[in-house]
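Below, each chain spelled out in residue letters.
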Amino acid sequence: MPLPETIPVRFTEEEAEYVSIRPVRRQTFKLRELIDMVVCVTGRDLARVQQILRTGTLVFHFYRYWWQGFETDATELSAVLAEFPVDDPSRAFRAIDCKTIALESAAKARQAFDVNKKDADHKSLFASQSLWEYLLSLSEPPHEIKYGGYSFARRADLYRIELNAEQAARLQRDAAKFAPRPLRGAIETLGPVARVVFVCPRVGAFNLK
């Protein structure tokens, strides 16, 4: 059976481990629009994409989506997935491409905090540099920055550095000094930062939005 061109989809907000009683909305997705959402959860894993399309349900960005599940031919679906970006370790990190820097706490229960360039790229009164400039400086030696793969959810290549305890303490101290007041409290709540992730949107990547 050929892949469908369009798929009627229903969706509603998902709340605290049960489906919300809020109204169910309906939308017709093109095949590639639906797969675009699925790969944000699965990556380009053919078997997992097939399974989700077959079961006809997905939770994404606090919404539950469901549709009439359908079988897919592996060859046809592989051809569709081939249109989506792949990891590319040959892509060198360029600070100019970075739009978001995610701070991941050493406390596993705490969610990462995203620092966006537009919110952090201005200096506080008497500060020698902005928070954005400070965080970008962490991508330089002696820190070792590593390619972390392509993120479908972020539509970006990720680059990361790991921090030891001393570096984490320094970041927490300096971030409090350079951060604008609206960001300072959120960063302090993170506690020691174990990993800094530089998010660089890939120009020309497959994007249906």
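As a starting point, this report considers the structure included with it. A quick note: this is a predicted structure, and the numbers were derived from the prediction, not measured.

1. Some thoughts on the nonpolar core
Right, so step 1: In terms of nonpolar packing, the biggest core is built from 54 residues, with W67, L131 and V196 touching the most fellow members.
Right, so step 2: In terms of residue count, the dominant contributor to this core is helix α1 (residues 31-42) (seven residues).
Right, so step 3: Leaving out residues up to four positions away in the same chain, W67 has contacts with I7, P8, V9, L34, I52, L53, G56, T57 and L58.
Right, so step 4: Residues A102, A156, V197 and V199 belong to the second largest nonpolar core, which totals five residues.

2. Details of the packing of aromatic side chains
Right, so step 1: Across all of its chains, the model carries 10 aromatic pairs by this definition.
Right, so step 2: Ring plane angle 45° and centroid distance 6.4 Å describe the contact between Y63 and Y65, whose orientation is recorded as tilted.
Right, so step 3: Residue class for Y63 comes out partly exposed when judged on its relative accessible area of 23%.
Right, so step 4: Assessed through its relative accessible area of 10%, Y65 is described here as buried.
Right, so step 5: Ring geometry for Y147 against Y159: centres 5.4 Å apart, planes inclined by 70°, an arrangement best described as edge-to-face.

Conventions and cut-offs
- Residues numbered from 1 in each chain as written.
- Predicted model: local features only at pLDDT ≥ 70, side-chain atom pairs only at ≥ 80, totals over all residues.
- Heavy atoms only, no water.
- Core = buried A, V, L, I, M, F, W, Y, C linked by side-chain atoms within 4.5 Å.
- Buried < 20%, exposed > 50% of the residue type's maximum accessible area, 1.4 Å probe, protein only.
- Helix = DSSP H or I, 4+ residues; strand = E, 2+ residues; numbered from the N terminus.
- Contact = heavy atoms within 4.5 Å.
- Phe/Tyr/Trp six-rings, centres within 6.5 Å; stacked < 30°, edge-to-face > 60°.

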